[in-house]
Amino acid sequence: NTVGVVAANQLAYWKDKSKYLVTNDFRQANAVNMQGVSFANSGFRNFVAGIFRSAVTAGNYCDILQRGQSISVKTTGSPVAGDVLVGDTTASTAQAAPVTPGTAPTVNRIGVVTGPNVANVTPCDVDIPEVQ
């Protein structure tokens, strides 16, 4: 993809839910491909499919994680225990951003931070709705 090779702990975005196809490039997220329109207000953040658990080369199959306790997630900023993680808006990344307690997240939650951030990876109790 145009962002690069999938790395462990990156966010996966839905590219095509009907085919269970995901990408780490938010510009290829579900609504853009299915309807041919760009997202308004960073709407791609509502299409997080899961967390990549390992590096994956293009064209290969892999599993993504949608639920689990203390899962490593690539993050920006300085998340601390109790923060909520949501999809980040930074270009060319597939990472999460923290939302502090008392502030309502404006997009779908990925999960709740459970420990300290180390080298831009944060443990999180991940709970992403699955596709049915």
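What counts, and where the lines are drawn
Residues numbered from 1 in each chain as written. Predicted model: local features only at pLDDT ≥ 70, side-chain atom pairs only at ≥ 80, totals over all residues. Heavy atoms only, no water. Core = buried A, V, L, I, M, F, W, Y, C linked by side-chain atoms within 4.5 Å. Buried < 20%, exposed > 50% of the residue type's maximum accessible area, 1.4 Å probe, protein only. Helix = DSSP H or I, 4+ residues; strand = E, 2+ residues; numbered from the N terminus. Salt bridge = Lys/Arg side-chain N within 4 Å of Asp/Glu carboxyl O.

K.L.:
Break down the nonpolar core for me, citing the residues and quoting the values.
P.N.:
Residues Leu 11, Tyr 13, Ile 51, Val 73, Leu 85, Ile 110 and Val 126 are the most contacted members of the largest nonpolar core, which totals 19 residues. Going through the elements one at a time, β1 (11-16), β3 (48-52), β5 (67-74) and β9 (121-127) are the ones with two or more residues in this core. Counting residues in each nonpolar core, the second largest holds 6 residues, with Val 6, Trp 14, Phe 52 and Val 56 among its members.

K.L.:
Which residues make up the pattern of salt bridges, and what values do they have?
P.N.:
Following the criterion strictly, the structure yields 1 salt bridge and no others. For Arg 67, the salt bridge identified is with Asp 127, shortest N-O distance 2.7 Å. Here Asp 127 lies in strand β9 and Arg 67 lies in strand β5, a separation of 60 residues in the sequence. Of the residues examined, Arg 67 reaches a relative accessible area of 45% and is grouped as partly exposed. Given the relative accessible area of 46%, Asp 127 is considered partly exposed.

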